[in-house]
Amino acid sequence: MRCIPVSIRRWRTVKMGNYSVIIAQTECQKFQGLQWEPTPLPKNTVIMFNNITSGIYFHTVNCKFSIDIVALDRDGKVLSTWKNVPPNQNQVGPMPLRIKRVVEATAGWIDSKQIKVGDMLPFVNAIEG
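Residues numbered from 1 in each chain as written. Predicted model: local features only at pLDDT ≥ 70, side-chain atom pairs only at ≥ 80, totals over all residues. Heavy atoms only, no water.

Novice: What exactly am I supposed to notice about the pattern of salt bridges here?
Specialist: Inspection of the entire model under this criterion finds four salt bridges. Residue glutamate 27 is joined to lysine 30 by a salt bridge in which the shortest nitrogen-to-oxygen separation is 3.8 Å. Taken together, the positions of glutamate 27 and lysine 30, both in helix H1 (residues 27-32) and three residues apart, correspond to about one turn of that helix. Its salt-bridge partner being aspartate 119, residue lysine 116 comes within 3.5 Å of it at the nearest N-O pair. (Salt bridge = Lys/Arg side-chain N within 4 Å of Asp/Glu carboxyl O. Helix = DSSP H or I, 4+ residues; strand = E, 2+ residues; numbered from the N terminus.)

Novice: How do you make sense of the state of the cysteines when you look at a structure like this?
Specialist: Here a disulfide denotes one covalent bond, and it connects the sulfur atoms of two cysteines. Under the counting rule described, the total for this entry stands at one disulfide. With its sulfur 2.0 Å from that of its partner, cysteine 3 forms a disulfide with cysteine 28. Taking the torsion about the sulfur-sulfur bond, which here is approximately -75°, the covalent link between cysteine 3 and cysteine 28 counts as left-handed. Remark: cysteine 28 occurs in helix H1 and cysteine 3 occurs in the segment before strand S1 (13-16); sequence separation between them is 25 residues. On the accessibility criterion, cysteine 3 (24% relative accessible area) is partly exposed. In this model cysteine 63 remains outside any disulfide bridge; the closest cysteine sulfur is found in cysteine 3, 15 Å from its own. (Disulfide = S-S within 2.5 Å. Buried < 20%, exposed > 50% of the residue type's maximum accessible area, 1.4 Å probe, protein only.)

Novice: How should I be thinking about the pairing of strand S5 (residues 78-85) in this particular structure?
Specialist: Working note: regular strand, side chains alternate between the two faces of the sheet. One ladder, built from five bridges, connects strand S4 (residues 67-72) with S5; its direction is antiparallel. Pairing of leucine 72 across the sheet is with valine 78, part of S5. Adjacent in sequence and paired antiparallel, S4 and S5 are bridged by five residues, among which glycine 76 carries a positive phi angle near 90°. (Pairing = 2+ DSSP bridges.)

Novice: How should I be thinking about the packing of aromatic side chains in this particular structure?
Specialist: For any pair of aromatic rings, the description rests on two quantities: the centre-to-centre distance and the angle between the ring planes. Enumeration over the complete set of coordinates arrives at two aromatic pairs. Taken together, a centroid distance of 6.2 Å and an interplanar angle of 85° make the contact between tyrosine 19 and tryptophan 109 edge-to-face. One end of the pair, tyrosine 19, is in strand S2 (residues 19-24); the other, tryptophan 109, is in helix H2 (residues 109-112), with 90 residues separating them in the sequence. Across the pair, tryptophan 109 and tyrosine 19 agree in class, each one buried. Between phenylalanine 49 and phenylalanine 58, the aromatic rings sit 5.2 Å apart at their centres with planes inclined by 85°, giving edge-to-face as the arrangement. Both residues of the pair, phenylalanine 49 and phenylalanine 58, count as buried. (Phe/Tyr/Trp six-rings, centres within 6.5 Å; stacked < 30°, edge-to-face > 60°.)

These figures capture arrangement, not role.
Take a look at the structure:
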């Protein structure tokens with residue numbers, strides 16, 4: 001797959017309550033994620049990846065800042081979390097069974113929102129790719 005990086009600020013963004021949800025819609029956007037973004041995401045801004053399959057890995061190669069990663073089922077229930085993943089970590093995962101979506105945010109988001117496995121993140125339910 002040959003992809004040209006495009007700033008996430010040009011991707012589709014949906015406002016959901018207090019959140020801005022940047023949506024990785026294409027395979028290239030899913031592959032790119034937060035690679036090459038120069039600054040952490042603004043407060044209450046996350047990136048969402050839809051239609052994720054179990055067993056795959058996410059990575060932080062070429063990320064300039066640490067991030068939190070949350071795996072969600074189709075209802076928005078938290079299946080797993082990875083906190084403050086350093087930018088040089090090659091693989092995060094594998095993604096758990098029943099996964100449907102992944103949310104990435106600037107490191108510290110999981111702790112600041114007190115998110116834990118089993119919680120619901122309802123703001124993602126209304127958003128599809």
